[in-house]
Amino acid sequence: MSKINTLEIRNLTKSFNGRKAVDDVSFSVPENCIFGFIGANGAGKTTTMKMALGLLEADSGEIDICGERVCFGATKTNRLVGYLPDVPEFYNYMRPKEYLRLCGEITGLSDKVIKNRTAELLELVGLADVNRKIGGFSRGMKQRLGMAQALISEPKLLICDEPTSALDPIGRKEILEILTRIKGKTTVVFSTHILSDVERICDAVAVINKGKIVLESTISDLKVKHKSKTITLEFDHEIDSSEILQTLRKDNIIPARCEAADVSIENLFLEVSS
Ligand code: ATP
């Protein structure tokens, strides 16, 4: 028997005011995969994810989570899913433990499970020793607490909407490390437009452009297909890529035929043309 994919999307379409935001989208996410859902602003990522959560009604198409059909307005499949929005909201007067307890109670977990899970998750997200009110948290800390909240019910599938976009390089690295640590226990789908994050942790990707899937592939296949001479420079601080490129060229550290293929806050990817 073939294995059931954790997330399976088939021919999903959604229009707003007669404009297709999601246009015949199909892709599948195998169990225990970290899957990057890549697209520029307005490409259709959030709309797709909201439909997978049953929060938005599709015009047509189907979504299955662990083989169960997602129905708009019904929350049955959401017991299998954890969700981290791009900007998670909290009760600022609460402390992390209290907040996770509340989330556990809403989810219907027993007292004992809540206690164990809270300790485990705060350790996972690096907030075990933090007992301050959430209102004083940095963006990165809030995002990490949001990750703990999304994992409280041990979901089969974790959906994260742009989890690293609003963070500084250290905050981004911390989130990517958490995702790597839960690999093997939870299947992860995260949307992003930061290609270096994808390259760092993803097993497979789908690229969406103007509502249409333009590429679906494993990272290893992509690397074989688009093999080129690349150099990755990783910095521990924010960089000005053009300034760095200029210095490297001036000092003949890189060949003249070397161009910046991609730039993120602290990474510079260079490609050497033959
Ligand atoms: P971002 O990274 O900016 O969140 P995205 O890839 O998540 O982008 P979506 O938010 O899914 O993109 O939006 C896709 C398209 O649908 C955009 O053109 C957006 O303006 C439009 N759209 C999304 N939600 C609505 C809505 N409720 N009403 C009208 N148009 C909408």
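Remember, predicted model here, so these are calculated numbers, not experimental data.

Colleague: So, the overall build of the chain: which residues are in play, and what are the values?
Modeller: The number of helices and strands found in the chain is eight helices and 13 strands. Residue burial in the chain is summarised as follows: out of 274 residues, 45% are buried. Partitioning the contacts of the chain with sequence separation of at least 6, the portion at a separation of at least 24 is 65%. Total accessible area computed for the chain in this model is approximately 14,600 Å², and 50% of it derives from carbon and sulfur atoms.

Colleague: Which residues make up the site of the ligand, and what values do they have?
Modeller: Residues in close proximity to the ligand include Phe16, Arg19, Ala21, Ala40, Asn41, Gly42, Ala43, Gly44, Lys45, Thr46, Thr47 and Glu162, which together make up its full environment. Taking Ala43, its main chain carries an N or O atom lying 3.0 Å from an oxygen atom of the ligand. Within the side chain of Thr47, an N or O atom sits 2.5 Å from an oxygen atom of the ligand. For the ligand, the accessible surface in isolation is 630 Å², of which the surrounding protein chains cover 59%. Those elements that provide at least two residues to the shell around the ligand are strand E2 (19–29) and helix H1 (45–52).

Colleague: Describe the packing of helix H2 (residues 96–107) against helix H4 (residues 139–150), listing the residues and the values that go with them.
Modeller: Interhelical geometry of H2 versus H4 gives an angle of 30° and a closest axis separation of 10 Å. One finds that H2 runs roughly parallel with respect to H4. Crossing handedness for the pair H2 and H4: right-handed. Along the contact surface, H2 presents Pro96, Tyr99, Leu100 and Cys103, while H4 presents Leu145, Ala148 and Gln149. Split by residue class, the contact of H2 with H4 holds six nonpolar, one polar and no charged.

Colleague: Break down the pattern of salt bridges for me, citing the residues and quoting the values.
Modeller: As a working rule, side chains carrying opposite charge can pair if their charged atoms are close by. Scanning all chains against the criterion turns up 18 salt bridges. Its salt-bridge partner being Lys76, residue Glu68 comes within 3.4 Å of it at the nearest N-O pair. Residue classification places Glu68 among the partly exposed positions, given a relative accessible area of 22%.

Colleague: Outline the nonpolar core, supporting the account with residue identities and numerical values.
Modeller: Core analysis: the biggest nonpolar cluster contains 39 residues, and Leu145, Met147, Leu158 and Leu179 have the highest contact counts within it. Setting aside chain neighbours within four positions, we find Leu158 in contact with Gly82, Tyr83, Met147, Ala150, Leu151, Leu179, Ile182, Thr186, Thr187, Val188 and Val189. Counting residues in each nonpolar core, the second largest holds 26 residues, with Val22, Phe35, Leu80 and Ile208 among its members.

Thresholds applied
- Residues numbered from 1 in each chain as written.
- Predicted model: local features only at pLDDT ≥ 70, side-chain atom pairs only at ≥ 80, totals over all residues.
- Heavy atoms only, no water.
- Helix = DSSP H or I, 4+ residues; strand = E, 2+ residues; numbered from the N terminus.
- Buried < 20%, exposed > 50% of the residue type's maximum accessible area, 1.4 Å probe, protein only.
- Contact = heavy atoms within 4.5 Å.
- Areas by Shrake-Rupley, 256 points an atom, 1.4 Å probe, with all protein chains shown as cover.
- Near = heavy atom within 4 Å.
- Polar contact = N/O pair within 3.5 Å; in protein donor to acceptor, adjacent residues only side chain to side chain.
- Axes fitted to C-alpha atoms, helices over the stretch in contact; angles between N-to-C directions.
- Parallel < 35°, antiparallel > 145°, perpendicular 65-115°, else oblique.
- Left-handed = near helix turned anticlockwise from the far one by under 90°.
- Nonpolar A, V, L, I, M, F, W, Y, C, P; charged D, E, K, R; others polar.
- Salt bridge = Lys/Arg side-chain N within 4 Å of Asp/Glu carboxyl O.
- Core = buried A, V, L, I, M, F, W, Y, C linked by side-chain atoms within 4.5 Å.

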